[in-house]
Amino acid sequence: MATTVARVAEILPQPTQVSKPKNTRKSRREAEEGVRYFLAKDGSSIEKPELGAEVASEGEALIKAFQSKNGVIYTVLAYKAEAEIDGGSPTLVKRPLRK
């Protein structure tokens, strides 16, 4: 039985260690730098979203949305599609756009 377990362990790929980011807040903040916050325009719906006024932060968006009649905010991330050629094969990648 022990021999079978040892053989299975040899055949199966060994798990790799994944390190967590040391500062999760910083990583999240860096990821959110490109996020833009908008209040929903009057008459906007989930089926047909329309962006209203842009606000500076998520906190400001939440407060103003709460004070408005519909209470909806939209977040927008903008990317540009570009082609990278590696070894003669093109690969499409997205590059974040900054305001």
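Anything mentioned here points back to the structure above.
Residues numbered from 1 in each chain as written. Predicted model: local features only at pLDDT ≥ 70, side-chain atom pairs only at ≥ 80, totals over all residues. Heavy atoms only, no water.

Q: Let's hear about the environment of Ser57: which residues, and what values?
A: Mapped onto the elements, Ser57 comes out in the loop between β2 (51-55) and α3 (58-67). For Ser57, a relative accessible area of 32% puts it in the partly exposed group. Taking the C-alpha atoms as reference points, Ser57 and Phe38, separated by 19 residues in sequence, lie 9.3 Å from one another. (Helix = DSSP H or I, 4+ residues; strand = E, 2+ residues; numbered from the N terminus. Buried < 20%, exposed > 50% of the residue type's maximum accessible area, 1.4 Å probe, protein only.)

Q: Could you give me a rundown of the pattern of salt bridges, with the residues and numbers involved?
A: Across all of its chains, the model carries four salt bridges by this definition. Across the salt bridge formed by Glu82 and Arg95, the nearest N and O atoms sit 3.0 Å from each other. On the criterion of sequence distance, the pair formed by Glu82 in strand β4 (residues 79-86) and Arg95 in strand β5 (residues 89-96) is long-range, its members being 13 residues apart. Judged by relative accessible area, Arg95 falls into the partly exposed class, the value being 33%. Among the ionic pairs, Glu84 bridges to Arg95, the shortest N-O distance being 2.2 Å. On the criterion of sequence distance, the pair formed by Glu84 in strand β4 and Arg95 in strand β5 is long-range, its members being 11 residues apart. Exposure remark for Glu84: the relative accessible area of 36% places this residue in the partly exposed category. Residues joined by salt bridges that share partners form a network here, namely Glu82, Glu84 and Arg95. (Salt bridge = Lys/Arg side-chain N within 4 Å of Asp/Glu carboxyl O.)

Q: An account of the packing of aromatic side chains is requested, with residue identities and associated values reported.
A: The full count for this structure, using the stated rule, is zero aromatic pairs. One Lys or Arg, Lys94, reaches over the ring of Tyr79 and ends 4.4 Å from the middle of that ring. (Phe/Tyr/Trp six-rings, centres within 6.5 Å; stacked < 30°, edge-to-face > 60°. Lys NZ or Arg CZ within 6 Å of the ring centre and 35° of its normal.)

Q: Just give me the short version of the nonpolar core, but keep the residues and values in it.
A: Of all hydrophobic cores here, the largest spans six residues; its members are Val35, Tyr37, Leu39, Val55, Ala61 and Ala65. Not counting the four nearest positions on each side in its chain, Ala65 is found in contact with Leu39, Gly71, Val72 and Ile73. (Core = buried A, V, L, I, M, F, W, Y, C linked by side-chain atoms within 4.5 Å. Contact = heavy atoms within 4.5 Å.)

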